[in-house]
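Take a look at the letters that make up each chain.
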Amino acid sequence: MLDVKRMRILKEVADRGSFSAAAEALSYTQSAVSQQIAALEREAGTQLVTRGSRGIRLTEAGEALVRHADAILTRLADAEAELQAIAGLRGGRLRLAAFPTVGATLMPLAIATFRERHPDVELTVRQLEPEDSLPLLKSSELDIALTIEPNSIHDTDGLESSPLLDDPMFAALPLNHKLANKPRVRLKDLSGESWIGTTDACSCGTLVRNHCIRVGFDPRITFESDDYLQIQGLVAAGVGVALIPTLALTTVRDDIVIRDLGTDAPVRKIAAATLPGTQRSPAARAMLGVLSEVATQYAKPTPHLTAVAS
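Reference entry: report on the structure contained in this document. For every chain, the first residue of the written sequence is number 1, and numbering continues from 1 onward in sequence order. Confidence filtering applies because this is a predicted model: local features only for residues at pLDDT of at least 70, side-chain atom pairs given and counted only at 80 or more, and all residues used for totals across whole chains, interfaces and linings. For side-chain calculations, the full set of non-hydrogen atoms in the structure is used, while hydrogens and water are omitted.

**Here we look at the pattern of salt bridges**
At step 1: In what follows, salt bridge is the name for a side-chain nitrogen of Lys or Arg lying within 4 Å of a carboxyl oxygen of Asp or Glu. What the rule picks out here adds up to 13 salt bridges.
At step 2: Note that Arg 6 is salt-bridged to Glu 43, the shortest N-O span being 2.3 Å. Of this pair, Arg 6 sits in helix H1 (residues 4–16) while Glu 43 sits in helix H3 (residues 30–44), placing them 37 residues apart in sequence.
At step 3: Categorising residues by exposure relies on relative accessible area from a 1.4 Å probe, with only protein chains included: less than 20% of the type maximum marks a residue as buried, more than 50% marks it as exposed, and the intermediate range marks it as partly exposed. Glu 43 gets classed as partly exposed once you look at its relative accessible area, which sits at 29%.
At step 4: Residues participating in the shared-partner salt-bridge network are Lys 11, Asp 15 and Asp 70. Under the scheme used here, helices are H or I runs from DSSP no shorter than 4 residues and strands are E runs no shorter than 2 residues, and both carry numbers assigned from the N terminus.

**Digging into the pairing of strand S10 (residues 256–259)**
At step 1: Because side chains alternate across S10, one face comprises the buried residues Ile 256 and Ile 258, and the other comprises Val 257 and Arg 259, equally buried.
At step 2: Relative to S10, strand S6 (residues 160–174) runs antiparallel, the two sharing four bridges. Bridging from a neighbouring strand, Ala 171 pairs with Arg 259 of S10. For two strands to be treated as a pair, DSSP must find at least two bridges joining them.

**Topic: the packing of helix H6 (residues 106–117) against helix H10 (residues 282–295)**
At step 1: Relative to each other, H6 and H10 sit at 130 degrees, their axes nearing to 9 Å. With respect to H10, the axis of H6 lies oblique. By crossing handedness, the relation of H6 to H10 is classed as right-handed. Of H10, the residues touching H6 (which contributes Leu 106, Leu 109, Ala 110, Thr 113, Phe 114 and Arg 117) are Ala 283, Ala 286, Met 287, Val 290, Leu 291, Glu 293, Val 294 and Ala 295.
At step 2: Classification used: nonpolar for Ala, Val, Leu, Ile, Met, Phe, Trp, Tyr, Cys and Pro, charged for Asp, Glu, Lys and Arg, polar for all others including Gly. For the contact of H6 with H10, the per-class residue count stands at eleven nonpolar, one polar and two charged. Interaxial angle, 0 to 180 degrees, is taken between N-to-C directions of lines fitted to C-alpha atoms, where a helix line uses only the stretch in contact. Here the angle decides the label: under 35 degrees means roughly parallel, over 145 means roughly antiparallel, 65 to 115 means roughly perpendicular, and every other value means oblique. For a crossing to be left-handed, the near helix must be turned anticlockwise from the far one by less than a right angle; the clockwise case is right-handed. Only heavy atoms matter for contacts: two residues are in contact if any of them lie within 4.5 Å across the pair.

Written out as structure tokens, the structure reads:
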């Protein structure tokens, strides 16, 4: 294996025309330069430099190696410059994944903020449920995955989690529901209802069911959908009741009512999952800060939810 440092010395000897001039340029002794060239010749298995009364001359092998050294040293300089750019957030890439409700609320503002601060970092975002994004994160195909905790149904070993915000769920009822006029309902009051739930592919479904079971009943799921606007439509049609997280209620139909569940409310804990800190890129660390900053804007209920909960 050829030593790159010795190749750099050979190139300097070739450029300067002598060992002494190369030694002066590199702040080496002439003896040290001679020893390094001799070691490089042993590595190459051939003579690279001849010495004569008129100074040094490269052999054919030496000339060939200097040409390669030029290319190698240029690529190394480019690599060093790129690493410095990435460290300074003047380049590099950042690959994100977010599930739909976060992708429609938290993520757009985070992306806009990050791009304003670090316009040279290439950003990509994929819409994925945690069960799909976390394996990609573990295989280093993603840098950050937005997820929901607790995540007992997902393998999170080897990952680190940064909490962002709590996302409580509200009851969605048809306008003519017997509890529609109450400002707050209890979860167990909905135990006998038909429910519209999310599928097993969505973490919310497991969260809601487990929470209802702790309250004392297993919800009777009659319809399933992972689209919260469709769920609102099914509620409006009187098909059943549903629990909808705050982030999915930025738009609310006027033919349903949204009611506070108080302390009965299941709470989605939104978090950003990453590889351990030593494996995070500077861009990933910067985005975690942006996500935490943006999350504070969603930590309070939206005005229309505050109104119905009062």
